[in-house]
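# Examination of the molecular architecture
Listed below, chain by chain, are the residues.
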Amino acid sequence: MRLFMDIHVIQSVPPSCLNRDDTGSPKTAVYGGVRRARVSSQSWKRAMRLMFSEYLDKNELSYRTLRIFDLVAEKIQDKSPGCSNEEALRLAKEIFKKAKVEPSKKNAEKSDALFFLSTQQAENLANLALGNLEEKDIAKAVVQTLKVNNGIDLALFGRMVASNPEINCDASAQVAHAISTHSVENEYDYFTAVDDLSTEDHAGAGMIGTVEYNSATLYRYATVAVHELFSQLSEDPKALEKALIEFNRAFLLSMPSGKQNTFAAHTLPYAALVSLRPDRPLNLADAFENPIKPEEGFTKPSTIAFAEHAVRVYADFCAKPEASYILGELPIELGQKLNINEMLEEAAKEAVKKVTS
């Protein structure tokens, strides 16, 4: 059956610059006619992948790298210690060539683009490379190897290979750009740094500069096509349950690292809703198309506006979720109230039960 796990988060972030553009400014977007703070989905997905490594074994994860030939060459040498560095690298390039993945013309040591490769796929490619590369069906075997044994992060975020769409892996998760529920104006922190070894009679700073920042209450949204993730993980219920728990945990608790040494914006969600829907994903960002006004701050009014909008949408356009769970300050009519550890387990188990029944 089709099943989507939606995760909605209201989170207050103090003065910070979690995600910057090419000029060093905090990213923004215009929505509802006003400028909002924004944190890109790519930035938050990177933070999530880093958190995955804290809770998952490396054999359950993947590498996203230009150095795929080195990665497989290392596996080849682990399996065949007598193989030289040069020979292992040659074999690695040959095995990728069977899948139409060639070295970059600018740097033969790297691939043309970042390539998402699971640890198990790297192992399996090394085994193939140590076999008969002239075997008639070796190209089919390489392609098949790259279509199974996906790491959890690879299954969630996908792989796109322009040179060979046959080895693409469709992402089973989508992460929206986080936006503020209200309008923002960027501010500037003017700073000076003192030279510790300057002479006493030397006036002035050793360095001066500015850092642009803002503060915001963010609405964050992500969704997982549970049925697609199940397929990407070889229809393994245990792997699916673990993947859902860790995706949920990482989306709720991770934080992008931009300028954190300067701002230490390590906050937690104020409220969260996790729901299971069989019909379609449902982003509720339009709860904030009219920006929240700052009469009582932003977090509490944002949470109230979100809850009221969810109830309206359920009544007018689609059914309530088949199961939903709330954290923090949300009304119980939206779901079962649990603490985070209970919710992670319960939501994942219920999703696995529904998609495997």
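Before going into details, it helps to say that this report is about the structure given with it.

Calculation rules
- Residues numbered from 1 in each chain as written.
- Predicted model: local features only at pLDDT ≥ 70, side-chain atom pairs only at ≥ 80, totals over all residues.
- Heavy atoms only, no water.
- Helix = DSSP H or I, 4+ residues; strand = E, 2+ residues; numbered from the N terminus.
- Buried < 20%, exposed > 50% of the residue type's maximum accessible area, 1.4 Å probe, protein only.
- Areas by Shrake-Rupley, 256 points an atom, 1.4 Å probe, with all protein chains shown as cover.
- Lys, Arg positive; Asp, Glu negative; His and termini not counted.
- Charge placed at Lys NZ, Arg CZ, Asp CG, Glu CD.
- Salt bridge = Lys/Arg side-chain N within 4 Å of Asp/Glu carboxyl O.
- Expected span 1.5 Å × (residues − 1).
- Contact = heavy atoms within 4.5 Å.
- Polar contact = N/O pair within 3.5 Å; in protein donor to acceptor, adjacent residues only side chain to side chain.
- Phe/Tyr/Trp six-rings, centres within 6.5 Å; stacked < 30°, edge-to-face > 60°.
- Lys NZ or Arg CZ within 6 Å of the ring centre and 35° of its normal.
- Core = buried A, V, L, I, M, F, W, Y, C linked by side-chain atoms within 4.5 Å.

## Here we look at the overall build of the protein chain
Helix and strand counts for the protein chain come out as eleven helices and twelve strands. The C-alpha extent of the protein chain, read off along each of the three principal axes, is 75 × 70 × 35 Å. In the protein chain, which comprises 357 residues, the share counted as buried stands at 50%. Looking at the protein chain as shown, the accessible area adds up to about 18000 Å², and 48% of this sits on carbon and sulfur atoms. Between the averaged position of the 41 positive side-chain charges in the protein chain and that of its 49 negative side-chain charges there is a distance of 5 Å.

## Overview of the pattern of salt bridges
Scanning the entire structure with this criterion turns up 13 salt bridges. Ionic pairing is found between Arg67 and Asp70, a salt bridge with its closest N-O pair at 3.6 Å. In this structure, the salt-bridge partner of Lys354 is Glu350, at a minimum N-O distance of 3.5 Å. Of this pair, Lys354 and Glu350 are both found in helix H11 (residues 340-356), four residues apart, which corresponds to roughly one turn of the helix. One exposure class covers both Lys354 and Glu350, and it is buried. One salt-bridge network, in which partners are shared between bridges, spans Glu322, Glu350, Lys353 and Lys354.

## Here's the deal with helix H3 (residues 85-97)
Here H3 contains 13 residues, and its C-alpha end-to-end distance of 18 Å stays within 8% of the 18 Å for a straight helix at 1.5 Å per residue. Along H3, the residues that are buried comprise Ala88, Leu89, Leu91, Ala92, Lys93, Ile95 and Phe96. Buried residues belonging to H3 abut helix H2 (68-79), strand E5 (115-118), helix H4 (119-129) and helix H5 (138-145).

## Observations concerning the side chain of Ser302
Inspection of the secondary structure assignment puts Ser302 in helix H10 (residues 299-316). Relative accessible area serves as the criterion here: at 0%, Ser302 is assigned to the buried category. Polar contacts involving the side chain of Ser302 include one to the side chain of Thr181, which spans 2.7 Å.

## As for the packing of aromatic side chains
Enumeration according to the criterion identifies seven aromatic pairs in this entry. Summarising the aromatic geometry, the rings of Phe52 and Phe157 are spaced 6.2 Å apart at their centres and angled 15° between planes, so their arrangement reads as stacked. One end of the pair, Phe52, is in helix H1 (residues 41-55); the other, Phe157, is in helix H6 (residues 152-157), with 105 residues separating them in the sequence. With relative accessibility at 1%, the residue Phe52 sits in the buried group. Of the residues examined, Phe157 reaches a relative accessible area of 14% and is grouped as buried. Pairing Tyr213 with Phe263 gives two aromatic rings, centres 5.6 Å apart and planes at 45°, and the pair type is tilted. Taken together, the positions of Tyr213 in strand E9 (residues 207-225) and Phe263 in helix H9 (residues 260-263) put the pair 50 residues apart, joining distant regions of the chain. The pair formed by Tyr213 and Phe263 is uniform in burial state, with each residue classed as buried. Taken together, Phe52, Phe157 and Phe247 form an aromatic cluster joined through their ring pairs. Over the aromatic face of Phe251 sits the side chain of Arg220, whose NZ or CZ is 4.5 Å from the ring centroid.

## Let's talk about the nonpolar core
Membership of the largest hydrophobic core comes to 57 residues, with the highest contact counts inside it found for Met5, Leu156, Leu229, Leu244, Phe247 and Met343. In terms of residue count, the dominant contributor to this core is helix H8 (residues 237-253) (eight residues). What Met5 contacts, discounting residues up to four positions off in sequence, is Ala222, Thr223, Val224, Val226, Leu244, Asn248, Val274, Ser275, Leu276, Ala347, Ala348 and Ala351. Grouped together as the second largest cluster of nonpolar side chains are 29 residues, Ala73, Phe96, Val142 and Leu146 included.

## What to know about H11
An α-helical turn contains 3.6 residues, so a residue and the one three or four places further along point in the same direction. Look at H11: 24 Å from first C-alpha to last across 17 residues, which is about the 24 Å you get at 1.5 Å a residue. For H11, the complete set of buried residues consists of Met343, Leu344, Ala347, Ala348, Glu350, Ala351, Val352, Lys354 and Val355. One side-chain oxygen of the residue at the start of H11 lies 3.1 Å from the amide nitrogen of Asn341, identifying that residue as Asn339.

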